[in-house]
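One-letter residues, chain by chain:
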Amino acid sequence: MTFLEPGDPQTTAEHLGGAFREAFGAPAQVVGRAPGRVNLIGEHTDYNAGLVLPLALAHATFAAARRRTDDRVRVRSRQSDETWEGTLAEASAAPGWAGYAAGVLWALAEREGVPVPGMDVLVDSTVPLGAGLSSSAALECAVAVAAVALADQELDDDLRARLVRAAMTAETEVVGAPTGGMDQTIAMHGRGGAALLIDFRSGEHRPVPLDLDDLGLTVLVTDTRVSHALHDGGYASRRADCEEAARLLGLPSLREATLEQVEGLADDRLRRRARHIVTEIARVTATVEALAEQDRAALGRLFLASHVSMRDDFEISCEELDTVVETAVEAGAVGARMTGGGFGGSAVSLVPTERVSAVVRAIDARFVTAGFRAPAHLLGVPSVGAGRLG
Ligand code: GAF
């Protein structure tokens, strides 16, 4: 059974240090690390002022950096070997992956007033790219952490909040993906052994202990390897539908809507979109309660209801994701659902630990029979949020 491994952070950082010296001819001075995430439940609710319950993965992105004597920025990735170079001002228009890495430096300096020196940056990642596990936010946050470490700033709660905002600005304004903030928040505030309940109306978040041993469950994440991109039309059109539904109901956001109000919407598509949001927010609260009560059956029902809602009402699933969910449950998972933005990417299953091998084998076999590309699996171990290494 092979899982995508997160690797040991210190070893990854050492390799990155060696590669940095080769790429830029001098040693790195700091290394920032930021994790990917898997969302347990609460999908597309963040930009509706709702609730989400993600956990930070052990899989992470690392950014090694060195201060320059001029104000230029060079960012390079071990994944693509492409270098982007320019001034901080030019970073606001950096294309492709550099939009996240250099864009966040621009946002830190220009929007958050955080001093950012000229620097060379090399990144490496164990978060699978394009798998709906928030590799973009991990990239933004790892670079941001490295930048503030170079500027000798202490990463306290206030600075973490500014880094979250800068990472969101890079994503929405530089890359053009109108995302809601869950990924950046969990990357900066993740806790070992806990999921994070984030309330996007109050802006508050708190850890929700996730004692998987006590529950006898493993969080299995399956990447369908169907490509998923947040800057194409699907994500933005769901967001526009939600905003239109709230407007028609005369509400500031769907967080304020009741199911009764939503069922009264005349437009079938908007009614279904809004129904997903209202029921999904309620499922987040119910999941937190089920975790506290260690009620595995309730967790399973909530996961499946969430998946059905995303498949039928929000229409963001795909055949491969539906296949993972169906097969995982048939092979013994307590519950399973697609996770993240949708249109491909990953599913998350809660699997009795002794059934993990059987579930993985069943999914792999079903993908072969269906003629799908082989999926990849990893274990969702709740891990710590972004920080400086060493
Ligand atoms: C993506 C977005 F980036 C998040 O903000 C969130 O909306 C998620 O999709 C869906 O829950 O990861």
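In this text the structure is predicted, and so the values were computed from the model without any measurement.

### As for the packing of helix H3 (residues 103-112) against helix H4 (residues 135-150)
Right, so step 1: Across the interface, H3 lies against H4 with an axial gap of 9 Å and an inter-helix angle of 50 degrees. Comparing their axes, H4 and H3 come out oblique. Between H3 and H4 lies a crossing of right-handed hand. Contacts from Val-104, Leu-105 and Leu-108 of H3 reach H4 at Glu-140, Val-143, Ala-144 and Ala-147.
Right, so step 2: Taken together, the residues that form the contact of H3 with H4 break down as six nonpolar, no polar and one charged.

### Quick word on the environment of Ser-134
Right, so step 1: Residue placement: Ser-134 occurs in the loop between strand S6 (119-125) and H4.
Right, so step 2: Put simply, Ser-134 and Met-182 are 48 residues apart on the chain and 9.5 Å apart in space, counted from C-alpha to C-alpha.
Right, so step 3: The contact partners of Ser-134, leaving out residues within four places of it in the chain, are Gly-36, Arg-37, Asp-183 and Ala-187.

### Re the UniProt feature "domain: GHMP kinase C-terminal" (unreviewed entry) in the protein
Right, so step 1: With numbering aligned to this structure, UniProt lists the feature "domain: GHMP kinase C-terminal" (unreviewed entry) at residues 288-367.
Right, so step 2: A helix fraction of 59% and a strand fraction of 15% characterise residues 288-367, whose end C-alpha atoms lie 32 Å from each other.

### With respect to the domain arrangement of the protein
By a widespread convention, an interface's size corresponds to the accessible area lost as its parts come together.
Right, so step 1: By the assigned domains, the protein splits into domain 1 (9-206 + 383-388) and domain 2 (210-379).
Right, so step 2: Once you take the C-alpha centre of each, domain 1 and domain 2 turn out to be 25 Å apart.
Right, so step 3: Each partner contributes residues to the interface: domain 1 has 32 residues there, and domain 2 has 38 residues.
Right, so step 4: Considering every element that reaches the side of domain 1 that touches domain 2, the biggest residue donor is strand S7 (residues 194-199), with three residues.

### Side note on the site of the ligand
Right, so step 1: Close contacts around the ligand come from 14 residues, with Glu-43, Thr-179, Gly-180, Met-182 and Gly-341 the closest.
Right, so step 2: When grouped by side-chain class, the residues that make up the shell around the ligand number three nonpolar, eight polar and three charged.
Right, so step 3: Two domains each put at least three residues into the shell around the ligand: domain 1 (9-206 + 383-388) and domain 2 (210-379).

### Let's talk about the sheet that holds strand S2 (residues 51-52)
Remark on secondary structure: sheet strands pair via backbone hydrogen bonds, oriented parallel or antiparallel.
Right, so step 1: The three strands are arranged S2-S7-S8 in an open sheet whose pairing can be described as antiparallel. The outermost strands of the open sheet, each flanked by one partner alone, are S2 and strand S8 (205-209).
Right, so step 2: Relative to S8, S7 runs antiparallel, the two being bridged by five bridges. Of the residues in S8, the one forming a bridge with Ala-194 is Pro-209.
Right, so step 3: Taken strand by strand, helix H6 (residues 182-189) contacts S2, S7 and S8, and its axis lies near 135 degrees from that of S7.

### With respect to the nonpolar core
Right, so step 1: If you look at the biggest cluster of nonpolar residues, it comprises 124 residues, and the most contacted ones within it are Cys-141, Ala-142, Val-143 and Ala-146.
Right, so step 2: Element by element, the count of residues in this core is highest for H4, at 13 residues.
Right, so step 3: Looking at which domains feed residues into this core, each of domain 1 (9-206 + 383-388) and domain 2 (210-379) gives three or more.

Rules of the game
Residues numbered from 1 in each chain as written. Predicted model: local features only at pLDDT ≥ 70, side-chain atom pairs only at ≥ 80, totals over all residues. Axes fitted to C-alpha atoms, helices over the stretch in contact; angles between N-to-C directions. Helix = DSSP H or I, 4+ residues; strand = E, 2+ residues; numbered from the N terminus. Parallel < 35°, antiparallel > 145°, perpendicular 65-115°, else oblique. Left-handed = near helix turned anticlockwise from the far one by under 90°. Contact = placed C-beta atoms within 7 Å. Nonpolar A, V, L, I, M, F, W, Y, C, P; charged D, E, K, R; others polar. UniProt positions renumbered as here; feature names shortened; annotations may be inferred. Domains from an automatic or database assignment. Near = placed C-beta within 6 Å. Pairing = 2+ DSSP bridges. Core = buried A, V, L, I, M, F, W, Y, C linked by C-beta atoms within 7 Å. Buried ≥ 20, exposed ≤ 12 C-beta atoms within 10 Å, placed from the backbone.

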